[in-house]
Structures are given as C-alpha cells and as structure tokens.
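Spelled out, the chains give:
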Amino acid sequence: MITLGIDIGSTTSKVVILKDGQEILATSLLLIGTGTKGPVLAMNEALMKSGLKREDIDYILATGYGRKNFTLADSQVSELSCHAKGVNRMYPQARTIIDIGGQDAKVIQLSENGKMLSFQMNDKCAAGTGRFLSVMAKVLDISLEDMDSYAHKSKKTVALSSTCTVFAESEVISLLSDGIPTSDIVAAIDRSIAVRVGALALRLGIQDDVIMTGGVARNSVIAENISTVISKKVIVSEMAQLNGAFGAAILAYERVIKDESSSAL
Amino acid sequence: MKAHQLYKQLTEDYYSQAEEAKKEGKLVGWASSNFPCEIPESLSLCIQYPENHAAMLSSKKAADKYFALAEQKGYSNDLCSYARINLGYCETFDSEQRNLVRPDFLLCSSNTCHQLIKWYEILSLKFEIPLFILDIPYQMKGTPDQNKLDYVKNQLDVIIKELSFISHQTFNQSKLDEVMEICKENARLWHSILDLAKNKPSPINGFDLFVYMSAIVTMRSKKETTVFLKKLKEEIENKVENKKTTYPGKEEYRVSFEGICCWPCLYEFQIPLINNHINVVGGKYLDLFALTYSDYPSLIQAYCSIPNSLGIENAIKESREIVSEYQTDGVIFNLTRSCRIWCGYYFALEREIRNGCNQETLLIDSDQADRRNFAFAQYETRVEAFSEMLSEKEQ
C-alpha cells in the first residue's frame, strides 16, 4: 500500500511517500508554501523520485496551515498530531517535541505509547518562530542557511532584549550601527529564540527524550541554546523538516488499515 | 412569544427605557456589571452597562471606529477593549446599533477589576458627573471575613444616602426587599437553565447561553427578565424531554469554557468546534452574574465573592466543580489578551485542571472585544489538535 503525507506550511511544502506505512519511497521539500503552486509541485517531485503515478497512491493525508485548501487530499489532520506520530515512529522514547516552523512554535507532550497528551503554541507574536529568523537574516543581509555558521564564530556575548520581532529588528540595526560583528548578533538572535521557546516548553512541562523538529531545527546553535535553557538534552530529528509529512503518511496508512478492518467486519 | 422574541423585546426595552427616562428628565446612571444593581433599582433609577454595550458593539462588528477614536485620544491598545470601545464611543455617541444615553452618575465596584475604576474616573471627569465607587477588597484565600463585609456595607449605606439625595428619592427597605426577591428568582432561573446543560447530550449550544446571559448581566433586577427566563427554561426542558438540542450537530465531546467569549468572533469561534463535534456545556463566566443570596447581609457577601475578586484557589475549586458536574471531556481556556483578570492566572489554572482532573485542555488566544487580536487559522489548528486528543483519549 502506498500512502502520501503532505505538510503545507506557511513557507514550505513537504511530501513523504511511504510503502506499507514503513518504507520511505521518496521525499520532497520546496521552499514555497500554502497559497502557491508549492504543494502540487512538491507532490509531483516526490512522485517523480519514486517512479510512481498519482493513481498509484492509495491515500493522501494533508497537514499544515494549507491542509484545508489541498483538494487532492483524502483527509486532513492537524500538524500537531502528525508531528506526534512522526516523532513517535522514529524516536519511541520521545516524550517532548519542540517544533519550530515558519509561523509558529509548538511544544507537544507525548505519552508512553506516543499519543499527544497536551500541547502549547506561541501566541500571535512571531518572535520565536522561523519568520523571526527570516526577518533577522534579511536585516543582516545573510542567508538563513548561513546563520548557523555565523553563530558558531561568535566570540562575544551580546544581549538582545526585545522579544517582539519589530523591536528586535530595530535593536539588531542599532547593534550593526555600533559595529557589533554579525556573528555575535546572530548568536544573540539564536539565544532570544531559545529563551522564548524554552519558556513555552518549561511552562508545559518537559520529559526526556526531547526531540526537536521543524525548519528551525536545522540551526544547531538554537537547538544547543534550547538545551541550555531547559536543562535537557535536545535531539534534533533526522526528519526535522519532513517530520510532519512523515507523520501524515503514517496516519494515512493507519486510516486505510482501519477502514479496511471496519469493512471486513 | 418564544424565548428569543422575549429576549429581543427585553433588549429593546433596556435601551428604550433609558431613552424615555432621559426624556422625562430622570437621572440615568452607568454601572459596572458587578455593582449591586439592587440598590439603584430599589431607588427606581435607570441604569445602563457600558461593558455590555461594548460587547454588543463588538459582536455586531461595529466597534472598530471606537477603537480608532480611543487610540487617537491616546489610550493604549493594551488597555481593556471594553474600556477602549466605550471611551471612543463617548466621543460621538453615534453608533448605528443601539446607543447609550449620556450618564448623570456612575456606579463602579472593584469586584470586577481595577482598570474599571480608572475607566470610570475618566468618565466622571469627562462628563463632570458624580462617581460612586464601591471598594470590594480582593480576597486571595477563603471567604471575606466580617470586617470586610462591614466595610462594604458601610460604603453601601453611604452610596444609598447619596443616590437618594441626588435623585430626590427616598430609600425604602421594603422596595429593596422586593427587588432582591426578583433578582433571587432570576438567578435561580438562570442557574436552573445552566443546569439543564448537564443532560447528555446537552439540549443547548453553549454559545446560545453566551448570548442570552446578557439578560442576567443588564436586567437581572427586572420582572420582565423573569418572564423571559421562565420561557427559556420551559423551551429547553421541552428539548430535554423530546431529546432535541439547539447544538447543530452531534455532541461527541463536552467542554467547559473558561473566560470571556470573543464577542466579535462568536460565529468563527463556533465553526471549528461544531465541525469537530465539541459542545460548550458550562463555564465560570456564564455563571458570573447570577448571584445567590437570601437576605441583605448575604447579598453583600455574594458581591464580595465574585470569582473576579477571589484568588486562584477559588478558581481551581470552581473549575473542578464544573468539570465534575457537567461531565466534561475537556476545558478551553480563552486567553483574552486585554483582560488581565480573565487570563492572568490561566496558565497555572490550566496546569491544575490538566494534571488533576483527567481533562484535555486547550489554550487559545483572542480578546473579548478586539477582533484584531484573533487569528482564525491558529485557532482552527488548535481546536483540531484538541479534538484529535479528545478522540485519542476516547479510544
């Protein structure tokens, strides 16, 4: 059986194709999200990589903020449940997920059998999300991908006190005007995200193992800083950005199996 | 007449009676919603409630221009959105919805919140009218002791004298007793209506109760309210008997709602809940204005024991009672951003209920009246995740 999970976020579209709910046949990730051609292009890319056609797919499950608008899907599930499912498959010992995406940050508590026990999300403010990093990268005139290497070169701790994206942007511009090296500013930005998301996690309650997912998980300095804030080891998921789509593909498989069982009865 | 028609008539009367009183040269006052309405009613004084008016304007999506006016005047958008709407409204009194009449005096009690006092002080200065403040001390733990009750009673004695003086009315104990009887009956009826939602499935969509509660906020001292509440109770009892409900769908999950509703997004709030078969069956806010007492001393005790003026221990106790009595599966906590009272301790309260009551919980971000502080997509995602947790729990 072939199932496809698609995670349509605010800035990216991710697809995972699974065989029998276990074997990953193909993945794709495009840097355009909901409201664009991204979801369809990502799906076509994954189909092409796997050598499959649309009609070979038994079930498509969509997640992410664009899930409701993806008409090719058989059903939709919130990204929180998909992240829980994906992490539980790869890391059965996981009890806490920290997911930082383009426009929100989430902390999810998992039970021993991988069920979502509770969750909390950031409020409307963009601070502590991928959007915050994008805005800062633009101000610093560096790419998002280069931020990690800049942070690693930081030699001096600089304080970034604002939690609001707009205020922090002004503060970063002031630091640049004062001649503070970009590397130190990037490190300060990373710490500010870690403090905000770490507080969210501490408020909900943290149990080992802590797994980090989402696009921001690619930034190793942020993961390290979150680890410091919450005083726990943070494991960055191997499927970080694809985890939601991976969970969606597993849930798609489970839905088909459940439907088949019901029909058999 | 059906209950919803009686309710509409009641609302019409509420506004038109104030307009008539003003035309006849009688005094009309504005009061905070938890001020003892029994006092002005016993002196035949017409009262209007700016908090309720602000909620009404926001629910009709007619508040945006008043936010702009208030912010132009220099009021921060971090302030209570009810206050901002009213302070903006007071610049023009020109709503295309129902209008308040200009007040002749103000009654404000501190058992709702302390921002209200500053709001009313501004109104008093603006209109150059007397402001009567009833100071009700915040009670962190337990119930108010006799000293506090005496302190509040002494203030009420003075307020009664001064209201009698400015309105040329003579205070009459038997009239107060009569008004208290009406309030007690209305509170009893409202409680019995809320109790009907304990049936499984509930015969009523919780959001209907959020709408109807306006009667108990603004008109709990009126005989006409008794007629409306009796009819509403009768209609809901019929639904119980006939196994019908006003909830549009199948009630799979029952939840309690903590906090003020987001009035401008009442419809948007319901849709994801209905789509996920979640019905609001109870909530502390629904019960906030129907006070239970037997005599004047216990009336004072009741106004001193409004949840807003009691600490978190009481909030936890009441939330636990609702969860148990209404047999809920989960609790929704609405973080109304411009109301510190109704979101200040919610993170702690949510943790207590999640860990101690076998309830799924959901924290959402909105505001009681400012729709600019509500993001539907985020709300919808959270409700769906909440529903998935409820479903997993069931399995």
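Higher on the page you've got the structure.
My aim in this report is to walk through the structure given alongside it, one point at a time. (Residues numbered from 1 in each chain as written. Chains lettered and ligands numbered in written order. Predicted model: local features only at pLDDT ≥ 70, side-chain atom pairs only at ≥ 80, totals over all residues. Heavy atoms only, no water.)

1. Details of the overall build of chain A
This is how it is decided: Each helix corresponds to a stretch of at least 4 residues labelled H or I by DSSP, and each strand to a stretch of at least 2 residues labelled E; elements are numbered beginning at the N terminus. For this measure, only C-alpha atoms enter the radius of gyration; the expected value for a globule follows 2.2 Å times N^0.38, where N is the number of residues. Note on exposure labels: buried denotes an accessible area under 20% of the residue type's maximum, exposed denotes more than 50%, and partly exposed covers the range between, all computed with a 1.4 Å probe on protein chains only.
When helices and strands are counted, chain A shows eight helices and 10 strands. Since a compact globule built from 265 residues should have a radius of gyration of about 18 Å, the 19 Å found for chain A is in line with a globular shape. Counting only C-alpha atoms, chain A reaches 70 × 40 × 30 Å along its principal axes. Of all 265 residues assigned to chain A, the portion counted as buried reaches 54%.

2. Observations regarding the state of the cysteines
Residues and elements named next belong to chain B. Basically, it comes down to this: Criterion for a disulfide: a pair of cysteine sulfur atoms within 2.5 Å.
Within this structure, the stated rule accounts for zero disulfides over all chains. The thiol sulfur of Cys-108 is not disulfide-bonded, and the nearest other cysteine sulfur, from Cys-113, lies at 7.9 Å. The structure places no disulfide on Cys-304, whose sulfur is separated from the nearest cysteine sulfur, that of Cys-108, by 15 Å.

3. Some points on the pattern of salt bridges
Residues and elements named next belong to chain B. Heads up, the rule is: Whenever Lys or Arg places a side-chain nitrogen within 4 Å of a carboxyl oxygen from Asp or Glu, that contact is recorded as a salt bridge.
In the structure shown here, the tally under the stated rule is 41 salt bridges over all chains. Close ionic contact of Lys-153 with Asp-157 constitutes a salt bridge, the shortest N to O distance being 3.1 Å. One end of the pair is Lys-153 and the other is Asp-157, both in helix H7 (residues 146-167) and four residues apart, which spans about a single turn. For Asp-157, a relative accessible area of 28% translates into the label partly exposed. Note that Glu-181 and Lys-184 form a salt bridge whose closest N and O atoms lie 2.9 Å from each other.

4. Re the nonpolar core
Here is the rule we go by: Put simply, a nonpolar core is a bunch of buried Ala, Val, Leu, Ile, Met, Phe, Trp, Tyr and Cys residues held in one set by side-chain atoms that sit within 4.5 Å of each other. In this description, contact between two residues means that some pair of their heavy atoms is separated by no more than 4.5 Å.
If you look at the biggest cluster of nonpolar residues, it comprises 146 residues, and the most contacted ones within it are B:Tyr82, B:Trp190, B:Phe210, B:Met213, B:Phe228, B:Trp263 and B:Tyr285. Tallying contributions element by element places helix H8 (residues 173-196) of chain B first for this core, with 10 residues. Ignoring anything within four residues of it in the chain, the contact list for B:Trp263 reads B:Ala55, B:Ser58, B:Ser59, B:Tyr82, B:Phe210, B:Met213, B:Tyr285 and B:Gln368. Judged by nonpolar contacts, the second largest core, of 40 residues, contains A:Leu140, A:Ile142, A:Val158 and A:Ala223.

5. A few points about the environment of B:Ile312
Residue and element names in this part refer to chain B. With respect to the helices, strands and loops of the structure, Ile-312 is situated in helix H13 (residues 312-325). It is 9.1 Å that separates the C-alpha atoms of Ile-312 and Tyr-346, two residues lying 34 residues apart in sequence. Beyond its immediate chain neighbours, meaning those up to four positions away, Ile-312 contacts Tyr-345, Ala-348 and Leu-349.

6. With respect to the sheet that holds strand E1 (residues 28-31) of chain B
Whether parallel or antiparallel, the strands of a sheet pair through hydrogen bonds between backbone atoms. All names here are of chain B. Stated formally: Strands are treated as partners if at least two bridges between them are detected by DSSP. For helices, the fitted line uses only the C-alpha atoms of the stretch in contact; every axis is such a line through C-alpha atoms, and the angle between N-to-C directions lies from 0 to 180 degrees.
The four strands lie next to each other as E2-E1-E3-E4, forming an open sheet whose pairing is parallel. Of all the strands in the sheet, just strand E2 (46-48) and strand E4 (131-134) have a single pairing partner and so form its edges. The mean angle between the axes of side-by-side strands here comes to 25°, regardless of whether they run parallel or antiparallel. Sheet strands touched by H7: strand E3 (105-109) and E4. Its angle to E4, the strand with the most contacts, is close to 160°.

7. Details of the sheet that holds strand E10 (residues 234-236) of chain A
Residue and element names in this part refer to chain A. Strands sit in the order E8-E7-E6-E9-E10 across an open sheet of five strands; the sheet is mixed. Pairing within the sheet leaves two strands with one partner each, and these edge strands are strand E8 (116-121) and E10. Shown here is a sheet whose adjacent strand axes are inclined to one another by a mean of 25°, direction ignored. Two strands pair when backbone bridges link them, and strand E7 (residues 105-110) and E8 are joined in this way by five bridges, in the antiparallel orientation. Bridge pairing links Lys-106 to Met-121 in E8. Here helix H2 (residues 79-90) sits on the sheet in contact with strand E6 (96-100), E7, E8 and strand E9 (210-213), set at roughly 55° to E7. Packing against the sheet, helix H6 (residues 182-204) makes contact with E6, E7 and E8, and its axis sits at approximately 30° to E7.

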